[in-house]
Amino acid sequence: MSRTGAVIVHNDADVLAEAVAARLLNRLADAQAHRGEASIVLTGGRIAAKVYQNILGSPIRTVVDWSKVDFWWGDERFLPSGDPERNETQAREAFLDHLPVDPERVHPMAAADAVETPEDAAVLYREELAKAAGGEGAPAFDLLLLGIGEDGHVASLFPGNPALEASGSAVGVRNSPKPPSERVSLTMSTINAATAAWIIASGEGKAEAVDESLSKGELPAGRVKAVGHTRWLIDKDAASQLKHLEF
Ligand SMILES: O=C(O)C(O)[C@@H](O)[C@H](O)[C@H](O)COP(=O)(O)O
């Protein structure tokens, strides 16, 4: 069985979310110690929401200078601004709205009431990413978070969907099997240009996708190979189908 990165297993979803929050805070603090600022790519989903709540509740959240963190999104559900189903809304309500972040450093993907199509939103995001990268492409994010779907999707890159093979830094997604059908996503090459990618998974429903991604590397999650490291932070249920655990 080949491994694309370290696998760290925690007892359950609560412990996982607490551990990811603590690691994340340290990772951002380290980046700031090195270069004075940090960048993170947020994801949507239930386990991510739990992580965000834990960040806010963490006694060590002050190790990060929140005004010097750039927040990006790995994917977004193409819905009107403020819609509770938007990944942006989830992150803002769970932690961003309660921390002293610099609004100029919060980079949501355009909402469905601001632009007409997911492709338009992707174009705008490509421009914003290029600007942050100094002209073209996208920044090498200090940390990129990903949830994983039962089908092995990450961000809004679903198996068999053309967006999975898209070039450029961001792409409009249609026909997503997970509602809503219209989405916006970073592309696989942008995801893999991150310094660190952490895939977070909780629950038995994810066990097969986790095992297949780690053993075959064909599913979208299995194709994640960030420049620095790729880490799988999962709970026991999500790890229940892994045959050979390597720590
Ligand atoms: O917009 C979204 O839904 C996502 O960003 C998606 O990639 C999500 O992270 C996974 O589907 C896991 O979601 P759960 O943790 O809710 O299973």
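Residues numbered from 1 in each chain as written. Predicted model: local features only at pLDDT ≥ 70, side-chain atom pairs only at ≥ 80, totals over all residues. Heavy atoms only, no water.

The test is simple: UniProt positions are given in the numbering used here, feature names are shortened, and annotations may be inferred rather than shown by experiment.
Looking at an unreviewed UniProt entry, one finds the protein chain named 6-phosphogluconolactonase and attributed to Glycomyces tritici. In UniProt, the protein chain has this text filed under Function (unreviewed entry): "Hydrolysis of 6-phosphogluconolactone to 6-phosphogluconate." What UniProt states about the protein chain under its Sequence similarities (unreviewed entry) heading is, verbatim, "Belongs to the glucosamine/galactosamine-6-phosphate isomerase family. 6-phosphogluconolactonase subfamily."

## Looking at the UniProt feature "domain: Glucosamine/galactosamine-6-phosphate isomerase" (unreviewed entry) in the protein chain
What counts here: Secondary structure elements are taken from DSSP: a helix is a run of H or I of four residues or more, a strand is a run of E of two residues or more, and numbering for both begins at the N terminus.
Per the UniProt annotation, the sites labelled "domain: Glucosamine/galactosamine-6-phosphate isomerase" (unreviewed entry) are residues 12-232. Between the C-alpha atoms that bound residues 12-232 there is a distance of 14 Å. The span itself is 33% helix and 16% strand.

## Some words on the pairing of strand β6 (residues 170-173)
Here is the rule we go by: Partly exposed residues are those whose accessible area sits between 20% and 50% of the maximum for their type, while under 20% is buried and over 50% is exposed, using a 1.4 Å probe and protein chains only. Note on pairing: DSSP must find at least two bridges between two strands before they are called paired.
Side chains Ala170 and Gly172 project from β6 onto one buried face, and the interleaved Val171 and Val173 project onto a second face that is buried too. Bridging between β6 and strand β7 (residues 183-186) involves four bridges; their strand directions are antiparallel. Pairing of Ala170 across the sheet is with Leu186, part of β7.

## Thoughts on the site of the ligand
Selection criterion: Proximity criterion: a residue is near a molecule or strand once any of its heavy atoms comes within 4 Å of it. Counting of polar contacts relies on pairs of N or O atoms within 3.5 Å, with two restrictions inside protein: one atom must be capable of donating a hydrogen and the other of accepting it, and residues adjacent in sequence are counted only when both atoms are side-chain atoms. All accessible-area figures derive from a Shrake-Rupley calculation using a 1.4 Å probe, and residue coverage is judged against the displayed protein chains alone. The definitions used throughout rest on a 1 Å grid laid over the protein atoms alone, on which a cavity is an enclosed set of points accommodating a 1.4 Å probe that cannot get out and a pocket is an open set flanked by protein within 12 Å on both sides along at least five of seven lines; lining residues are those having an atom within 4 Å of a point. Molecules are considered to sit inside a cavity or pocket once more than half of their atoms lie within 2 Å of its grid points. Polar here means any residue other than Ala, Val, Leu, Ile, Met, Phe, Trp, Tyr, Cys and Pro, which are nonpolar, and Asp, Glu, Lys and Arg, which are charged; Gly is therefore polar.
Neighbouring the ligand are 15 residues; Asp75, Arg77, His153, Ala155 and Lys206 lie closest to it. Between Arg46 and the ligand, the recorded distance is 2.7 Å, taken from a backbone N or O atom to an oxygen atom. In this structure, an oxygen atom belonging to the ligand sits 2.6 Å away from a side-chain N or O atom of Arg77. When the ligand is considered free in solution it has 420 Å² of accessible area, and contact with the protein chains removes 96% of it. Because more than half of its atoms lie within 2 Å of the grid, the ligand is assigned to the largest pocket. Looking at the shell around the ligand, the elements that each hand over two or more residues are α2 (46-57) and β4 (75-77). Looking at side-chain class alone, the shell around the ligand contains three nonpolar, six polar and six charged residues.

## Examining the sheet that holds strand β1 (residues 6-10)
As a reminder of what qualifies: Whenever a helix is involved, its axis is fitted only over the stretch in contact; in every case the axis is a line through C-alpha atoms, and angles between N-to-C directions fall within 0 to 180 degrees.
In space, the six strands of this open sheet follow the order β1-β9-β8-β5-β2-β3, with parallel pairing throughout. Each edge of the open sheet is held by one strand with a lone partner, namely β1 and β3 (69-73). Each adjacent strand pair in this sheet contributes to an overall mean axis angle of 20°, direction not counted.

## Section: the sheet that holds β4
Cut-off, in case you're wondering: Contact definition: two residues touch when any of their heavy atoms are within 4.5 Å.
A sheet is described by the order of its strands in space; here three strands give the open sequence β4-β7-β6, paired in antiparallel fashion. The sheet is open, and its two edges are formed by β4 and β6, each paired on a single side. Going from strand to strand, the sheet's axes swing by 15° on average, the running direction of each strand aside. As paired strands, β4 and β7 are joined by three bridges and run antiparallel to one another. What sits directly across from Asp75, in β7, is Ser185. Sheet contacts for helix α4 (residues 118-132): β6 and β7; angle to β6, the most-contacted strand, approximately 170°.

## Thoughts on the pattern of salt bridges
Threshold: A side-chain nitrogen of Lys or Arg and a carboxyl oxygen of Asp or Glu constitute a salt bridge if their distance falls within 4 Å.
For the coordinates displayed, the defined rule picks out 15 salt bridges. The residue Arg105 makes a salt bridge to Asp70 at a minimum N-O spacing of 2.6 Å. Linking Arg105 in the loop between α3 (87-94) and α4 with Asp70 in strand β3, this pair joins segments that are 35 residues apart in sequence. Relative accessible area serves as the criterion here: at 17%, Arg105 is assigned to the buried category. Using a relative accessible area of 16% as the deciding quantity, one classes Asp70 as buried. Ionic pairing is found between Arg77 and Glu85, a salt bridge with its closest N-O pair at 3.2 Å. Using a relative accessible area of 45% as the deciding quantity, one classes Glu85 as partly exposed.

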